[in-house]
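Here's the letter readout for the chains.
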Amino acid sequence: MFPSCYSKPTSSNNLFKRTSITKLLLGVFVVYMLHTCWVIYGFLYIKSCDRGKGDCISSYLANRPHLQLSIFSCLKPDDSELNLIIKIDDFDIHSKFERVVNVSLPLATRNNGTLHTVVFVHKAGVSPLKDSQQVHHVAQLSSYMVPKDTLSSHVELLKKQTVTSPRIGRPVSHWRSRLTLNMMSEDFTFNRGTLPSDVWRYMRVFEEENRMIYLPLLHIDELSVRVKDMMEINGSLTQLPLTISYEGLSLRQFRFWIHMQDVTFSLKHFGFTEVNIDEIKGVLVDTNLYLLALTALVTMFHFTFEFLAFKNDISFWRKKKSMVGMSGKAVLWRCSSTIVIFLKILEERSSLLVLIPVGIGAIIELWKVKQVYKIQLQWRTSRSIFHVGKFDESERKTTQHDRQAMKCLSYLVYPLSISGAIFSLLYLRYKSYYSLLINNLVSGIYAFGFLSMAPQLFINYKLKSVGHLQWNVLMYKAVNTFVNDTFACIFGTHPCHQLSCFRDDILFLVYLYQRRLYSTNKSKGCQYGSGHHNHRKPKAQ
């Protein structure tokens, strides 16, 4: 006779049905990444047109013309009345510079109006309005936004609206204290048939002696406009300082920055707020490009392993019938933690791209709690009743070990949590009691959340088995955690934050040690889970 825990090996057809969807999605993801790499290669490598061969467009800068940079201010983009801000007669396109000038504010701008700037690059000694081969771009020197002191607190905003001034709380005109100019300084000859569409938007072409020539590619960098650099325009001020900076770019750099600018501002259609976009601007402007590429690569692998962990986690709990060896307290802790983090993100009014995945994760954790405690909702004609399933003897034994572990753990967690709450109450200020509660809970989760893994270690020790664990999900999450902790440790600014990075990884090493320690006991693995089934047919009794 065979042991009751023995199960026939899964047939190849059933295995194929279970894994075909995962393989298909991974295949689509790999094809997408290969396509992305090919697009990036085409983006970085553009073949120059051989002069005299094909339909070429030459650069106006090839003849080394004497250029002049003139910057004006005006109330409207098409206004003929221009006020000169700065003029650089001998404009060297290869030299980087930065200058600070004072700009006069018209009365309309001081009365919550708008001010524009027109940047001209033209022949030296010739008026830009009379030069047919000039290039120009228009940008705003002011923009409307809610005053910065009210962006961080909606409660303070309501108080100021009712107590001080009715102007506070609605968008007012702010001064952009920085104007960043870029121009492609590389003498590059384009092939008309393979001209990139993003470059074509900035290109002006004219014909001279049967040759097609394009004027200098001028670009005003909007990514350098940060919220922290803006100042509210006061009606009593007649002049404000403006920092003008210029840098020549290669063709690859020029295309990269205009792509980043287009992508950044398109995020508004996906629910990103002005504050979120400003943070992204800071990452793009203040971070090295190679570090950005490395971060994108790590993010790609992160989402891959996150998807695999997500898929296997749902599949594991959907088929789980017995809770022997599983820590219900740990599942309940993760559910509560996810809900608290969701409320924190909801309070901060974060982007929908951040809020929706966390909300879906909270729903899944609630479903896992239902699976662990065997909760069923029975609908009747008059009322609905929650029905909690009963545990068998083995499951009750696991529950006792779980309670014992949580009791020992509470001696450490409760004093630390209470002391942290007292510190927050005495030294930190919060806008409301709700915010105080949420922030204290979130701080406790980030500080002691790794301890929720400890009860499962204790249950494994008591049962002398790890066959009930979902090792594929643990492996995927361990890789994700290790990669994230490595980056946080390298780029973290606070020593305590760096030391706290690898706590989850240390506990996972204990899991691996337990797996090696208890792997020799095949009967335990067969009894408590599907982690160590021995599919060889045992001898008949």
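None of the values given here were measured: they were computed from a predicted structure. (Residues numbered from 1 in each chain as written. Predicted model: local features only at pLDDT ≥ 70, side-chain atom pairs only at ≥ 80, totals over all residues. Heavy atoms only, no water.)

This next bit is on the overall build of the chain. When you go through the chain residue by residue, the secondary structure sums to 16 helices and 17 strands. Per-residue burial for the chain yields a buried fraction of 37% across its 541 residues. Expressed as a percentage of contacts within the chain between residues at least 6 apart in sequence, the contacts between residues at least 24 apart total 75%. Of the roughly 32700 Å² of accessible surface on the chain, 60% is carried by carbon and sulfur atoms. (Helix = DSSP H or I, 4+ residues; strand = E, 2+ residues; numbered from the N terminus. Buried < 20%, exposed > 50% of the residue type's maximum accessible area, 1.4 Å probe, protein only. Contact = heavy atoms within 4.5 Å. Areas by Shrake-Rupley, 256 points an atom, 1.4 Å probe, with all protein chains shown as cover.)

Turning our attention to the nonpolar core. Counting 34 residues, the largest nonpolar core has Leu-69, Ile-71, Phe-91, Trp-175 and Leu-181 as the members making the most contacts within it. When residues of this core are traced back to their parent elements, those giving at least two are β2 (67–74), β3 (83–88), β4 (97–104), β5 (116–123), β6 (135–140), β9 (178–184), β13 (218–221) and β15 (239–249). Ignoring sequence-local partners within four residues, the contact set of Leu-69 consists of Ile-86, Lys-87, Ile-88, Phe-91, Phe-97, Val-119, Phe-120, Val-121 and Leu-181. Ile-57, Val-199, Tyr-214 and Phe-254 belong to the second-largest nonpolar core, a separate cluster that totals 19 residues. (Core = buried A, V, L, I, M, F, W, Y, C linked by side-chain atoms within 4.5 Å.)

Relative to the helices and strands, Gly-125 resides in the loop between β5 and β6. In the structure, Gly-125 is positioned 57 residues away from Gln-68 in sequence and 7.6 Å away in space, judged by C-alpha atoms.

In the structure shown here, the tally under the stated rule is three cavities of 30 Å³ or more. What the largest cavity holds in volume is close to 50 Å³. In terms of lining residues, the largest cavity is bounded by Ala-139, Gln-140, Leu-141, Arg-176, Arg-178, Leu-179, Ile-220, Asp-221, Glu-222 and Val-225. For the lining of the largest cavity, the class distribution of residues is five nonpolar, one polar and four charged. (1 Å grid on protein atoms, 1.4 Å probe; cavity = no way out; pocket = protein on both sides within 12 Å on 5 of 7 lines; lining within 4 Å. Points joined across faces, edges and corners; volume = space filled by probe spheres on them. Nonpolar A, V, L, I, M, F, W, Y, C, P; charged D, E, K, R; others polar.)

Here the focus is the sheet that holds strand β10 (residues 190–191). Adjacent strands of a sheet form backbone hydrogen bonds with each other and so pair up, either parallel or antiparallel. With respect to topology, four strands assemble into an open sheet ordered β10-β1-β12-β11, the strand pairing being mixed. Two strands bound the open sheet, and with one partner strand each, they are β10 and β11 (205–208). Of the pairings in the sheet, the one linking strand β1 (residues 56–59) to β10 comprises two bridges and is antiparallel in character. For Cys-56, the partnering residue across the bridge sits in β10 and is Asn-191. (Pairing = 2+ DSSP bridges.)

Another aspect to go through is the pattern of salt bridges. Applying the stated criterion across every chain yields a total of eight salt bridges. Where Arg-178 meets Glu-98, a salt bridge forms, and the shortest distance between an N and an O atom there is 3.7 Å. One end of the pair, Arg-178, is in strand β9; the other, Glu-98, is in strand β4, and 80 residues separate them in sequence. Its salt-bridge partner being Arg-176, residue Glu-222 comes within 2.8 Å of it at the nearest N-O pair. (Salt bridge = Lys/Arg side-chain N within 4 Å of Asp/Glu carboxyl O.)

Bringing the sheet that holds β15 into the picture now. The sheet built from four strands is open, its strands ordered β4-β15-β9-β13 with mixed pairing. Each end of this open sheet is capped by a strand with a single partner; those strands are β4 and β13. Mean inter-strand twist for the sheet, computed between neighbouring axes without regard to direction, equals 25 degrees. Relative to β15, β4 runs antiparallel, the two sharing eight bridges. Bridged to Ser-104 within β15 is Gln-239. (Axes fitted to C-alpha atoms, helices over the stretch in contact; angles between N-to-C directions.)

Of all residues in the chain, 74% have pLDDT values of 70 or greater, and the mean over the chain is 75. In this model residues 1–17 is a low-confidence stretch, pLDDT under 50, and it forms 18 contacts with partners more than four residues away in sequence or in other chains. Within the model, the stretch residues 520–541 combines pLDDT values under 50 with 39 contacts to residues more than four positions away or in other chains. (pLDDT = per-residue confidence, 0-100.)

The element β9 is largely enclosed, with a buried count of six among its seven residues. When β9 meets β15, the two strands line up parallel, connected through seven bridges. Bridge pairing in β15 places Asn-182 opposite Glu-247. Across four bridges, β9 lies against β13 in antiparallel orientation. Paired with Leu-181 across the two strands is Ile-220, which belongs to β13.

On to the packing of aromatic side chains. By convention here, two paired aromatic rings are described through the distance between centres and the angle between planes. With the rule as written, the count across this model stands at eight aromatic pairs. The residue whose ring lies beneath Arg-99 is Phe-97, and the NZ or CZ to ring-centre distance is 5.6 Å. A cation sits over an aromatic face here: Lys-464 above Tyr-461, 4.2 Å from the ring centre. (Phe/Tyr/Trp six-rings, centres within 6.5 Å; stacked < 30°, edge-to-face > 60°. Lys NZ or Arg CZ within 6 Å of the ring centre and 35° of its normal.)

Here we come to the environment of Asp-198. For Asp-198, the position within the fold is in helix α4 (residues 197–200). For Asp-198, a relative accessible area of 6% translates into the label buried. Through-space distance from the C-alpha of Asp-198 to that of Arg-255 is 7.1 Å; in sequence the pair is 57 residues apart. Beyond its immediate chain neighbours, meaning those up to four positions away, Asp-198 contacts Phe-43, Arg-255, Ile-258 and His-259. Within the local environment of Asp-198, its side chain forms a polar contact with the side chain of His-259, the two groups lying 2.7 Å apart. (Polar contact = N/O pair within 3.5 Å; in protein donor to acceptor, adjacent residues only side chain to side chain.)

The next subject is a nonpolar patch on the surface. On the surface, Trp-38, Val-39, Tyr-41 and Tyr-45 cluster together to form a nonpolar patch covering roughly 500 Å² of accessible area. Within the secondary structure layout, Trp-38 lies in helix α1 (residues 12–44). (Patch = residues over 30% accessible without salt bridge, like charges linked within 9 Å, V, L, I, M, F, W, Y side chains within 5 Å.)

Further remarks concern the side chain of Lys-368. Locating Lys-368 in the fold gives a position in helix α9 (residues 352–372). We classify Lys-368 as buried; its relative accessible area is 1%. With residues up to four places along the chain from it excluded, the contact list for Lys-368 reads Asp-313, Trp-317, Val-331 and Arg-334.

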